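Residue strings, one per chain:
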Amino acid sequence: MKSKKIVFFLAIVTTLLSLYYLSFTFIDYRVQWQAEKQAMDEQGRVDFDKSQAYLMKIWKKPVCNLLGTVYTYEEVKERSLKLGLDLQGGMQVTMEVMPVELVKRLAAYPTDPLFLEALQCAQYQREKGTTTSFGKLFVAAYKKLAPNGNLKDIFATAQVGPYIFSSEDDIIKAIDQIVSKALDRSLAIVGARLDRFGATQTTMQKLPGSERIQIELPGVTHPERVKKLLQGVAQLRFWTVEEADAYGPILEAVNNFLLDKEKETILLTFPKALTEEEKNQRLPKASIIKRICKDTFPYRLAYAPEEMDQIDAILHSKPVKALLPKNITWMWDKKAITLGDGTKAVVLYAIQLSRENQPLLEGDIITDATQSFAENGKPVVMIQMNQKGARIWKRITANHIGKRIAITLDDRVYTAPVVNQEIPNGASQIIGDFTLEEAKDLASVLQTGALPAPLKVVEEAIMGPSLSKVAQNQGLMATAVGLGLVLLFMLIYYAKGGIIANVALLLNLLFMVAILAQLEATLTLPGIAGLVLTIGMSIDANVLIFERIREELEQKVSIKEAIQRGYTKSYGSIIDANVTTFLAGAILYYLGQGPVRGFALILMLGIITSIFTSIFITRLIFSFFIDTYSIPNLTFSYPTIPRLFKNVQIDFIKNRYRFYLFSLLFIAIGGCCFYHYKGLTLGVDFAGGRSYTVHFCKPIDASLLKEGLSHRYKESLEVRTYGANNVMQITTSYLHDEDASDKKVRDKLVAALKDLTQLEENNNLSTGNDFHITSSTRVGATVAHDVQKSAQKAILLAILGIFFYIRIRFRRPGFGLAAVVALVHDVLAVIAGFCIARGFGLNYEVNEVFLAAMLTVIGYSINDTVVIYDRIREKLANKAMDMSPHIINDAIRETLSRTVITSFTTLLAIAVLFFFGGAALQGFSFALTLGVLFGTYSSICIAAPLLANFGRKLSATKQ
């Protein structure tokens with residue numbers, strides 16, 4: 001009696017708290033609806049920038065009163081259920097600390113050639129995806145390059161700050177510590193920059209086991225601006241500008257040298273049949289340097305933007321560097337200017353170096369930086385120096401009157417003004433033809449300070465608000481339809497017992513969403529898939545209990561006694577089945593990232609809440625009716641609806657070799673398709689590269705689009721229909737591991753699409769060029785390698801963990817071995833199914849979400865297997881006999897109804913995901929469909945029958 005009161009109290013309190021926590025989510029949605037209404041035009045289109053501006057306007061204002069407490073929108077947003085970027089739009093960036101510069105600063109002799117080469121080797125190994133620390137990579141590379149060298153001499157034997165370099169282990173420890181500190185410092189600086197930028201609901205975290213930071217920025221509509229803000233090291237420096245008359249003659253010499261080299265190259269390629277006059281006509285008239293000199297300003301060199309890479313290559317080539325002065329380096333202006341003829345050009349500055357290659361002044365002397373306006377109304381950045389900096393700046397400006405001083409940020413020139421007078425107080429302004437946003441961002445990075453080391457973007461995902469809105473609606477539709485179908489089935493098949501199970505299911509869903517909101521977890525599209533899947537799987541416990549109750553009722557016991565026995569005999573199976581699934585979810589949560597971790601969290605949370613609602617809540621309701629109405633007319637079936645699989649007489653053990661043969665043939669056919677199609681279609685998170693979702697104004701043929709794009713890309717390219725015939729997903733490995741090439745790749749794709757979509761209609765392509773890129777994803781090779789390793793490790797750990805659990809729980813090695821063979825069978829069958837489906841035109845990507853599906857399949861498959869094993873164990877305990885084919889057959893038949901019904905309810909939910917969840921979840925739901933089908937099949941036809949082979953043989957060997 002006391003336990004019933006405790007359960008009742010917990011149920012009431014949990015329900016009330018869940019409703020309270022979810023009320024903030026409903027208020028948040030109401031405010032967002034008002035924002036969209038404010039930003040909607042007459043045609044019903046929403047301007048998301050205006051919507052975001054409205055939300056920022058009311059960010060600090062009160063929006064509701066709950067239980068006597070007034071909450072601002074900021075406070076409501078903190079307490080509401082957070083949506084992932086795929087459901088509300090925004091940007092996710094993963095950045096990695098580049099430790100090369102950190103190690104250079106640590107060394108006493110950073111110019112040693114072997115030292116520099118070892119740094120580059122270590123960085124190369126790091127980019128290949130190794131998990132070894134940078135310190136160990138560097139020391140190993142140096143020892144390989146210089147077996148007899150003494151690395152301690154590079155760092156000196158004396159103590160430097162907190163670090164002592166008396167051994168190689170000390171060097172490794174110092175490097176790893178300074179990289180770790182740089183990561184912490186970078187996280188703080190990036191956070192401060194985003195705060196000044198005005199970003200809301202920003203999520204930042206260090207990824208365990210790596211020098212990476214992951215940042216989520218919901219609602220961001222200007223990703224390029226944000227990337228510049230995050231990546232800018234903010235090394236502000238002041239340099240002397242070398243005037244053109246000092247290096248002009250040297251450039252003429254460089255020009256003549258290049259002309260001679262170019263002339264030699266062309267003469268070697270001339271056909272012998274050409275006359276001397278024809279050869280002279282084809283000879284170069286001027287090199288790139290000559291053209292630049294022609295466009296020279298009184299103090300500047302101007303280049304076309306597309307020539308910048310070529311100029312850099314020329315100036316940094318060894319022959320040209322030998323001709324140029326040692327005390328000059330070259331830096332580009334931060335943006336292009338317009339020349340007199342209307343063409344765009346970027347200015348190149350000659351920067352004068354000191355003997356130590358140091359600037360006149362470093363930016364660490366800045367104490368304050370603010371955005372302001374000049375007399376002409378243009379935005380500028382005002383800076384204030386500390387006392388030491390003001391004193392040095394006064395001396396510098398006094399010595400440079402009439403000369404130019406370049407102010408650079410991260411080696412790009414922001415301004416190069418002429419010094420007209422001495423500046424005594426350390427107050428100056430940076431004028432750089434800024435937009436208002438650029439001036440604000442520059443002031444932010446200067447105010448928050450310089451990053452300790454460069455940050456490289458190794459992964460990014462940008463989701464447009466319109467596409468995310470569609471995904472949000474599809475997710476809600478999938479959840480509602482999946483829930484409705486499962487509720488309807490339980491009501492039809494289990495009569496009044498189904499009503500009680502449905503009450504438990506609805507409470508389970510309420511508790512899950514409320515707990516997610518309270519934990520400040522983020523609901524993503526895979527998370528919604530987890531909710532829908534949990535709806536189908538959470539009914540499993542009730543099916544187990546109700547099937548047991550039906551068995552007891554067939555023994556002519558009272559309904560009260562049948563309910564008591566049904567619950568008692570089901571506990572072991574329910575616990576075993578859910579522990580194994582929880583184990584797979586925990587491994588996925590530990591090794592996964594981003595949305596996949598959200599899916600794993602919901603899967604684990606759903607297991608916990610479903611056990612509470614399916615066992616305790618339903619038991620409480622049954623007790624209430626029995627105690628109140630003196631054993632009411634409870635029913636668990638309708639007379640007109642027959643019980644499924646009640647009298648199945650299939651001999652599963654006798655036919656087991658036929659099942660084995662069928663499985664081997666299916667996997668073999670899949671292997672042939674795998675070989676034919678040269679593997680699976682790997683997504684960017686497994687293979688690296690960039691993926692774009694493109695919406696066209698009219699339907700477009702994917703094969704023709706791929707053919708047209710392939711002529712412009714030498715690298716691998718994939719084009720596939722993405723949910724609709726006017727939406728394409730384009731994946732390319734072009735420049736996939738170059739950080740600064742995002743705009744270049746996007747511009748090339750846009751130009752190619754514009755050309756292709758202007759083709760004639762008889763090519764089956766759209767005649768209009770109206771298209772827009774709604775989302776993009778980039779994954780570097782390092783991250784892709786890490787994801788692949790995590791996927792392999794996750795599947796291996798899940799199988800091993802389940803093996804040891806089954807081995808310990810059932811106390812016979814045959815159970816564990818048979819379960820592992822069945823799990824490997826399920827993994828291979830799903831992969832084979834993907835390969836075979838490709839032959840029928842269903843080409844789905846294998847990505848990190850596919851990994852989530854595979855681990856779910858492993859957990860789900862063992863769930864079914866454990867129920868059968870539990871029934872076998874029960875029979876062995878009752879009859880005190882060795883495992884026989886007769887016992888295994890009976891156990892399969894008696895649990896067949898439960899196994900098939902649970903799979904059916906789960907497949908209902910998965911089918912809803914496939915048809916209503918959108919293109920992003922089709923591959924995921926297809927993998928789950930295959931997994932549930934083969935998991936159910938393997939539990940009945942592989943895992944249990946294998947006990948007839950393994951179980952008896954192992955028992956005999958032991959005896």
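Shown above is the structure to which this text applies.
Attention in this report is confined to the structure presented alongside it. Just so we're clear, the structure is a prediction, and the values are computed from it rather than from any experiment.

Thresholds applied
Residues numbered from 1 in each chain as written. Predicted model: local features only at pLDDT ≥ 70, side-chain atom pairs only at ≥ 80, totals over all residues. Heavy atoms only, no water. Helix = DSSP H or I, 4+ residues; strand = E, 2+ residues; numbered from the N terminus. Buried < 20%, exposed > 50% of the residue type's maximum accessible area, 1.4 Å probe, protein only. Polar contact = N/O pair within 3.5 Å; in protein donor to acceptor, adjacent residues only side chain to side chain. Contact = heavy atoms within 4.5 Å. Pairing = 2+ DSSP bridges. Axes fitted to C-alpha atoms, helices over the stretch in contact; angles between N-to-C directions. Parallel < 35°, antiparallel > 145°, perpendicular 65-115°, else oblique. Left-handed = near helix turned anticlockwise from the far one by under 90°. Nonpolar A, V, L, I, M, F, W, Y, C, P; charged D, E, K, R; others polar. Disulfide = S-S within 2.5 Å. Expected span 1.5 Å × (residues − 1). Arc of directions from axis to C-beta. Phe/Tyr/Trp six-rings, centres within 6.5 Å; stacked < 30°, edge-to-face > 60°. Lys NZ or Arg CZ within 6 Å of the ring centre and 35° of its normal. Patch = residues over 30% accessible without salt bridge, like charges linked within 9 Å, V, L, I, M, F, W, Y side chains within 5 Å. Areas by Shrake-Rupley, 256 points an atom, 1.4 Å probe, with all protein chains shown as cover. Salt bridge = Lys/Arg side-chain N within 4 Å of Asp/Glu carboxyl O.

### Some points on the side chain of Asp864
Locating Asp864 in the fold gives a position in helix H29 (residues 848-879). For Asp864, a relative accessible area of 0% translates into the label buried. Only 2.8 Å separates the side chain of Asp864 from the side chain of Arg898, close enough to count as a polar contact. In this structure, Asp864 is in contact with Arg898, Thr899, Ser903, Thr936 and Ser939, ignoring residues within four places of it in sequence.

### With respect to the pairing of strand E11 (residues 344-352)
Regular strands show a simple pattern: their side chains alternate between the two faces of the sheet. Burial of E11 is extensive: 7 of the 9 residues sit out of reach of the surface. Of the strand pairs in this sheet, strand E7 (residues 236-241) and E11 are connected by 2 bridges, and their pairing is antiparallel. Across the sheet, Thr240 pairs through a bridge with Gln352, a residue of E11. Bridge count between strand E9 (residues 328-333) and E11: 5 bridges; the pairing is antiparallel. Of the residues in E11, the one forming a bridge with Trp330 is Ala350. Here 2 bridges tie strand E10 (residues 337-338) to E11, and the two strands are oriented antiparallel to one another. Looking at the pairing, Ile337 lines up with Ala345 of E11.

### Here we look at the packing of helix H19 (residues 525-538) against helix H30 (residues 885-916)
Running from N to C, H19 and H30 cross one another at 155°; their axes reach a closest spacing of 7 Å. Considering the angle they form, H19 stands roughly antiparallel to H30. Pair H19 / H30 crosses with right-handed handedness. Between H19 and H30, the contacting residues are Ala529, Val532, Leu533, Gly536 and Met537 on the first element and Thr905, Thr906, Ala909, Ile910 and Leu913 on the second. Of the residues that constitute the contact of H19 with H30, the class distribution is 7 nonpolar, 3 polar and no charged.

### Some remarks on the state of the cysteines
Evaluation of the coordinates by the stated rule reveals 0 disulfides. Looking at Cys673, it has no disulfide partner, and the nearest cysteine sulfur is the one in Cys835, 6.7 Å off.

### A closer look at helix H23 (residues 656-676)
In this model, H23 (21 residues) spans 30 Å end to end at C-alpha, consistent with the 30 Å of a helix rising 1.5 Å per residue. Residues of H23 that are buried include every one of Arg656, Phe659, Tyr660, Ser663, Phe666, Gly670 and Cys673, and no others. Angularly, the buried residues of H23 cover 155° about the axis, an arc narrow enough to put them on a single face. Away from its buried face, by an angle of more than 90 degrees, H23 presents the exposed residues Arg658, Leu664, Cys672, Tyr675 and His676. In the stretch just after H23, Lys678 is the one whose phi turns positive, near 60°.

### Concerning the sheet that holds strand E14 (residues 379-385)
Sheet architecture is open: 3 strands sit in the order E13-E14-E17, paired in antiparallel fashion. With partners counted over all chains shown, the strands left at the sheet margins are strand E13 (366-373) and strand E17 (427-430), one partner each. Each strand of the sheet is rotated relative to its neighbour by a mean of 25°, with strand direction disregarded. The pairing of E13 with E14 spans 7 bridges and is classified as antiparallel. Residue pairing in the sheet places Ser372 in a bridge with Val380 of E14.

### Quick look at the packing of aromatic side chains
Summed over all chains, the structure comprises 28 aromatic pairs. Look at Tyr493 and Tyr494: their rings are 4.9 Å apart centre to centre, the planes differ by 85°, and that puts the pair in the edge-to-face class. Just as Tyr493 is buried, Tyr494 falls in that class too. On the numbers, 4.9 Å between centres and 75° between planes, the contact of Phe815 with Tyr869 is edge-to-face. Separated by 54 residues along the polypeptide, Phe815 in helix H28 (residues 813-839) and Tyr869 in helix H29 bring together distant segments of the chain. The pair formed by Phe815 and Tyr869 is uniform in burial state, with each residue classed as buried. Above the ring of Phe24, the side-chain terminus of Arg79 is found at 5.9 Å from the ring centroid. The positively charged end of Arg550 is found above the aromatic ring belonging to Tyr493, 4.5 Å away from the centroid.

### Side note on a nonpolar patch on the surface
Residues Phe8, Ile12, Leu16 and Leu19 make up a contiguous nonpolar surface patch of roughly 400 Å² in combined accessible area. Relative to the helices and strands, Leu16 resides in helix H1 (residues 2-38).

### Observations concerning the packing of helix H20 (residues 540-554) against H30
In contact at an axis separation of 10 Å, H20 and H30 are set at 150° when each is read in the N-to-C sense. Taken together, the axes of H20 and H30 are roughly antiparallel relative to one another. For the pair H20 and H30, the crossing hand works out as right-handed. Taken together, the residues of H30 that come into contact with H20 (itself represented by Asp540, Val543, Leu544, Glu547 and Glu551) are Glu894, Ser897, Arg898, Ile901 and Thr902. In terms of residue class, the contact of H20 with H30 is built from 3 nonpolar, 2 polar and 5 charged.

### Remarks on unusual backbone geometry
Here the phi dihedral of Leu67 falls at roughly 55°; this positive angle occurs in a residue that is not glycine. Among the secondary structure elements, Leu67 is positioned in the loop between strand E1 (62-66) and strand E2 (69-72). For Leu67, a relative accessible area of 77% gives the class exposed. A positive phi angle is found at Ala495, which is not glycine, with a value near 55°. Looking at the element boundaries, Ala495 is found in helix H18 (residues 465-518).

### A closer look at the environment of Asp651
Its place among the elements puts Asp651 in the loop between helix H22 (595-629) and H23. Take Asp651: its relative accessible area is 28%, and that puts it in the partly exposed class. As for Asp651 and Pro885, which are separated by 234 residues in sequence, their C-alpha atoms are 9.1 Å apart. Filtering out sequence-adjacent residues up to four positions away, Asp651 remains in contact with Asn889 and Arg893.

### Brief notes about the pattern of salt bridges
Applying the stated criterion to the full structure yields 14 salt bridges. Between Glu894 and Lys875 there is a salt bridge, with its nearest N and O atoms 2.9 Å apart. With a gap of 19 residues between them, Glu894 in helix H30 and Lys875 in helix H29 connect regions that are remote in the sequence. The partly exposed category is assigned to Glu894, whose relative accessible area is 32%. When its relative accessible area of 14% is taken as the criterion, Lys875 is described as buried. Three or more residues are tied together by salt bridges with common partners; here these are Glu551, Arg871, Lys875 and Glu894.

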